[in-house]
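Each chain is listed here by its residues.
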Amino acid sequence: MFRYTMAPALVLALLLSLLFTLQQMSDRRDLLLSHGHASAEQLVELIHLSDDYSFEDRIQWLDKSLMALMLERDMIRSVQLYRADRNDAGEEEFKLISSVGPRPRTQFAAAELRGKRAHIYEDLNSLQVLHPLRGEGTNCWLTIELHRPYFLVGTYQVALIGLLGLIVCTLIALVWAAILAERASRSIDRFKESLRAIGQGKFSTRTASSRNLELSQLAEEINLMAGNLNEYHRDYQESLHQSMEDLRQSLDAMEEQNIELELARKKALENSRVKSTFLANTSHEIRTPLNGIIGFTNLLLKTETDQLQQDYLQTILRSSESLLTTINDILDFSRIESGNLVLDHSPMNLGQVVEETLQILAPYGYENDLELVPFVDPQLPPSQIGDPLRIKQILTNLVSTAIRCSENGSIPVRITVQSGKESELMVRISIVDNGARCDEQGRRELRQYLSGSAQQHQMGSNGIGMGLSIARSLVQSMGGELGVEDNPQGGSSYWVQLPLTIDRNRIAVTREQFPGCRLLLVDPNPMTRQQIYQQLTHWQAEPLEHSDGKTLVPAIEQMWRHDAVPDAIIIDTAIAEGNFDTFIATVQQLVDTYQSRIIIQGSPVDLRRCYDALRTRVLAFLGKPVSREGLLRALKRAVPHQAQSRPQTGSFPPLPWPAKPRVLAVDDYEPNRLLMRELLRTQNIEAVVASSGEEALRLWREQHFDMIFMDIQMPEMDGITTTGKIREEESGKRTPIIALTAHVGTEEKSRLLSAGLDDYLSKPVSEDQLAHTVKRWMEVQAGAEPEQLSTVIEPRLVDISESLNLANQDPGLARDLLRMLLQGLYEDEQELSRLYRENDHKGLFERIHRLHGGCCYCGVPRLRSATEHMQELLRPLQDQAEVDIDENAFERVKKEIRILRDWATEQDLDALFGQENLDGEAKESALDTDF
């Protein structure tokens, strides 16, 4: 207030004072100069009027009277009269004629003034009025020097008056500012108190009006704000009470709904449990007879049967496997929904799995004039570790979808090896349809099913949707990828990428070769020709191609004339084009006239149409889709003299049995017992069977067995109870007990291993799975010589219970500790071998010590014992490089490492410790948190 009030007043007063002072200074100067001019003119006029007198008289008179009179004025300091006379040198100079007062501070020369008019001269020293005298050519000047302090004193007086006026104005402004500030302060204090009261919730507070217009308007606005806040507060209180009442009612309703939901949840869990139990029991009851059907069909296929009987048996086998696939689809859909899906890890041949799947689906393809053509990468190892049944499910769903979308053509299914290192393998399976029966909307739905974006009700109401959903879930569970892409033919390409483990424990597989064997392929379908051509080329044969059946006989005749008849001819029934009489006649002519060796290939229906007429002339009948095994059998029958066999590189020869093993097979279903006895007999194993747990326990007490296959679900004493009693009474070497069960869930698998069983097989049991399991567990004990029974039980390879105890019953921690140990075993084995070769005792001791420390936190008693023994042997030898190390102890450590690594490649640690579902829930929870 002071600043805004006083500043303008001070500035205005200062400007006015300055202006007034300057005006007064200008007026006084003008007055002084006007008096000087007037006096000079009066004197000059008086001198002029006295022209009648002599010059000397005038000057004298002027000195005595007029000049004296001029000096009486305060404004004039001095008066001088000059006349210009010439000196002796002839120069004109001023001569003072008369003077009154002091001499002027500034004097002039005669030449400076000659010819000039009256004027004023002013400098810092003086202020003079110069006026010439009138005469006849004389140069006479009258100078009046004005008194300069006359107007300076006046200026100071004016300045003093202006200063006094400024002080008075400032005091008046100060007083007025103080009055205004006091009034504004009181008003602002009232506003502040009112606002503080309103901020404290006293909305009825009002502020008094002010005499100032602006402050009065501010007071009105504050009062209006207080009134509005009071009204809003009242409405808020009413709405709050209403909301509280509504919330109370909602909480009551939610409590009732929670009770109902809890009851519904318990009912749903019970229904799910009942459904799971029903499905498990149904699966068990169906799998048990299927085990016998599939097993005895495989055995019958190994007997002497004709071609047609073999086709019938193959149809029975494939139908049984198709039924098994359907059962697995139903069970897996239930397991996927509940999160209890567990994968099998068993030996398989992926190429054979694909071929068997296509053979099962081939009739469905023939209904739509489609041929299923498998292409297997020659780089694919002969045996892998995986889940063959689940892979068949995936392929069945994808190939069935491709058949539904195609018409009149071929559907190629290709297996390619993309990458591999050590025992890991990445395989890609691609399926291509032509899209003849699938529009853009249908392909869009397929992409949604395969990507998982389709709605659940769509999957449930559509068989294709459920199958593709199961396939997608199975691929994800295997750690692979599944996708679909558009192809240039207007259809879709489905691809599956799966990680597999190479099985190095399989018996060596022979690779057949037919070097130099000339074979003629007669097939109008270029896709099937390409498949067989590639396979024959891989077997080092020399295939020739021919696509036209009408020109076949002339072509063979031409070859016969040039003595270039092929060693065998593979003829497809497709060249008949429905006219089988002509086709049969053509084949008979080739055999009778040109002595050709003929192999007929085609669909089972076409083969049956010509089987009776040609079975005495044709060496082999080959069903489509053509499998490698079927093609090999046909070639061996057609050109046996050309076949050569050599071992498959990269595999290991079987270990010889130290003695013929004795195995006890326990199962309450008689066909399964007979099947197990026959399968074990083919492995050169002595098999003893038992129909119940009591009988098995009695036989085990009376006889010695190297291995026991134990059925889990049996009346009275089940497999787990029988195993528990055997473990309690066991006092010598530990006997491996393998579970035979149709219940393969995560919890079931963990329960079996924790109950004392060493491994498990899922029904139906295939010959490959059984051979692999027997060989693996027999190899574990084959290296040791027979020993006398001791009082100490041999420890297990991996003890899950001990792992849990060491991890304080934390399954997740126990799994992680065991996984870290297993991941470093390969590096440990390589480093130990290097240190042993270099005879580095100190480094070997440190490595063994570190490995033993890791074993102490996991349930691996055998490896822990071996490393502990080796560690004690090395402890005193650390600085003695010249001393040899016990080779048997070192080989024992390496052997246990290899056995444990082989065990790890076939196990699912998440399933062993029951953490598979928990990890899935944790991931879902993390996703929920992120989103």
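Residues numbered from 1 in each chain as written. Predicted model: local features only at pLDDT ≥ 70, side-chain atom pairs only at ≥ 80, totals over all residues. Heavy atoms only, no water.

Engineer: Hey, could you run me through the overall build of the protein chain in this one?
Structural biologist: The helix and strand tally for the protein chain stands at 29 helices and 24 strands. Across the 931 residues in the protein chain, those meeting the buried criterion constitute 45%. Pairs at least 24 apart in sequence give 70% of the contacts found in the protein chain among residues at least 6 apart. Counting only carbon and sulfur atoms, one obtains 53% of the accessible surface of the protein chain, whose full area is about 48300 Å². (Helix = DSSP H or I, 4+ residues; strand = E, 2+ residues; numbered from the N terminus. Buried < 20%, exposed > 50% of the residue type's maximum accessible area, 1.4 Å probe, protein only. Contact = heavy atoms within 4.5 Å. Areas by Shrake-Rupley, 256 points an atom, 1.4 Å probe, with all protein chains shown as cover.)

Engineer: Which parts of the structure should I look at to understand the pairing of strand β21 (residues 686-690)?
Structural biologist: Two faces make up the sheet, and in a regular strand the side chains alternate between them. Pairing of strand β20 (residues 662-666) with β21, which is carried by 5 bridges, proceeds in the parallel orientation. Its bridge partner lying in β21, R662 is registered against E686. Following the chain from β20 across helix α17 (residues 670-682) to the adjacent parallel β21, one finds a crossover that is right-handed. (Pairing = 2+ DSSP bridges. Right-handed = clockwise from strand over helix to strand, strands pointing away.)

Engineer: Looking at this structure, I do not really get the sheet that holds strand β2 (residues 92-100). What am I missing?
Structural biologist: Note: strands within a sheet are paired through backbone hydrogen bonds, in either parallel or antiparallel orientation. Pairing in this open sheet of 5 strands is antiparallel, and the strands run β2-β1-β5-β4-β3 from one edge to the other. Across the chains shown, the open sheet's two edge strands, defined by having one partner strand only, are β2 and β3 (119-122). Strand-to-strand, the axes of this sheet are offset by a mean angle of 25°, without reference to chain direction. For strand β1 (residues 76-86) and strand β5 (residues 140-146), the ladder comprises 7 bridges, and the chain directions are antiparallel. Opposite S78, over in β5, you have E145 as the bridge partner. (Axes fitted to C-alpha atoms, helices over the stretch in contact; angles between N-to-C directions.)

Engineer: Can you help me understand unusual backbone geometry in this one?
Structural biologist: Excluding glycine, a negative phi dihedral is what most residues carry, and trans is how most peptide bonds are arranged. A cis amide bond links K624 to the next residue, P625, at an omega of 0°. Among the secondary structure elements, P625 is positioned in the loop between β18 (620-623) and α16 (628-638). Phi is positive for N408, close to 55°, though the residue is something other than glycine. Relative to the helices and strands, N408 is located in the loop between α8 (388-404) and β9 (409-421). Given the relative accessible area of 52%, N408 is considered exposed. If you check the backbone angles, Q595 has positive phi at about 50° while not being a glycine.

Engineer: Would you mind going over the packing of aromatic side chains with me for this structure?
Structural biologist: Here a ring pair, both rings aromatic, is described through the centre-centre distance and the interplanar angle of the planes. For the structure on display, the rule yields 5 aromatic pairs. Aromatic pair F580 and F583: ring centres 6.1 Å apart, planes at 75°, arrangement edge-to-face. Here F580 pairs with F583, and both are found in helix α14 (residues 580-594), just 3 residues apart, close to one helical turn. The buried category is assigned to F580, whose relative accessible area is 8%. On the numbers, 4.1 Å between centres and 5° between planes, the contact of Y836 with F890 is stacked. Here F890 lies in helix α27 (residues 887-905) and Y836 lies in helix α24 (residues 825-837), a separation of 54 residues in the sequence. Take Y836: its relative accessible area is 24%, and that puts it in the partly exposed class. Its relative accessible area of 2% is what places F890 among the buried residues. When the ring centre of F375 is taken as reference, the NZ or CZ atom of R414 above it lies at 4.2 Å. (Phe/Tyr/Trp six-rings, centres within 6.5 Å; stacked < 30°, edge-to-face > 60°. Lys NZ or Arg CZ within 6 Å of the ring centre and 35° of its normal.)

Engineer: Which parts of the structure should I look at to understand the sheet that holds strand β14 (residues 518-522)?
Structural biologist: The sheet built from 5 strands is open, its strands ordered β15-β14-β16-β17-β18 with parallel pairing. Only two strands of the sheet have a single partner each, and these edge strands are β15 (542-546) and β18. Geometrically, the sheet is characterised by an average inter-axis angle of 20° between neighbouring strands, direction not taken into account. Where helix α12 (residues 526-538) meets the sheet, it contacts β14, β15, β16 (568-572) and β17 (598-602), and its direction lies at approximately 165° from that of β15.

Engineer: I keep staring at the confidence of the model for the protein chain and nothing clicks. Help me out?
Structural biologist: Caution applies to low-pLDDT parts of the model: their predicted coordinates are not meant to be read in detail. For the protein chain, per-residue confidence averages 78 on the pLDDT scale, and residues scoring 70 or more make up 81% of the total. Contacts of residues 455-463 to residues separated by more than four positions or lying in other chains number 11 contacts, the stretch itself having pLDDT below 50. Below pLDDT 50 for its whole length, residues 920-931 participates in 0 contacts with residues either more than four positions away or in separate chains. (pLDDT = per-residue confidence, 0-100.)

Engineer: Could you clarify how one ought to interpret α24 in this entry?
Structural biologist: Along an α-helix, a turn takes 3.6 residues, which lines up residues three or four apart on a common side. Under the 1.5 Å per step criterion, the end-to-end length of α24 is 18 Å for 13 residues, consistent within 8% with the ideal 18 Å. Buried residues of α24: L825, D828, E829, L832, S833 and L835, and no others. Down the axis of α24, the sector holding all buried residues measures 165°, keeping them to one side. Along α24, exposed side chains directed more than 90 degrees from the buried face belong to E827 and R837. Turning to α24, the residues buried within the fold contact α23 (811-823), α25 (841-855), α26 (861-874) and α27. Remark: N839 follows α24 within two positions and exhibits a positive phi of approximately 60°. (Expected span 1.5 Å × (residues − 1). Arc of directions from axis to C-beta.)

Engineer: What am I meant to see in a nonpolar patch on the surface here?
Structural biologist: A cluster of nonpolar side chains, namely L160, L163, L164, I167, L171 and L174, defines an oily patch on the protein surface of about 550 Å² accessible area. Relative to the helices and strands, L160 is located in helix α4 (residues 149-199). Residue classification places L160 among the partly exposed residues on the basis of a relative accessible area of 49%. (Patch = residues over 30% accessible without salt bridge, like charges linked within 9 Å, V, L, I, M, F, W, Y side chains within 5 Å. Salt bridge = Lys/Arg side-chain N within 4 Å of Asp/Glu carboxyl O.)

Engineer: What should I look at first to understand the pattern of salt bridges in this one?
Structural biologist: A side chain with one charge may pair with a side chain of the opposite charge, provided their charged atoms come close. All chains considered together, the criterion is met by 31 salt bridges. Among the ionic pairs, E193 bridges to R196, the shortest N-O distance being 3.0 Å. Taken together, the residues span about one helical turn, with E193 and R196 both in helix α4 at a distance of 3 residues. Across the pair R248 and E245 runs a salt bridge whose closest N-O atoms are separated by 2.5 Å.

Engineer: Hey, could you run me through α12 in this one?
Structural biologist: For α12, which comprises 13 residues, the first-to-last C-alpha distance of 18 Å matches the rise-based estimate of 18 Å (1.5 Å per residue) to within 8%. Along α12, the positions that sit buried rather than exposed are T528, R529, Q531, I532, Q535 and L536. Angular distribution of buried residues about the axis of α12 spans 160°; they occupy a single face of the element. In the core, the buried residues of α12 are packed alongside β7 (370-376), β14, β15, β16, β17 and α16. Where α12 begins, one side-chain oxygen reaches toward the backbone nitrogen of M527, 3.0 Å away; that side chain belongs to N525. Count one or two residues on from α12 and you reach Q540, which has phi positive near 65°. (Polar contact = N/O pair within 3.5 Å; in protein donor to acceptor, adjacent residues only side chain to side chain.)

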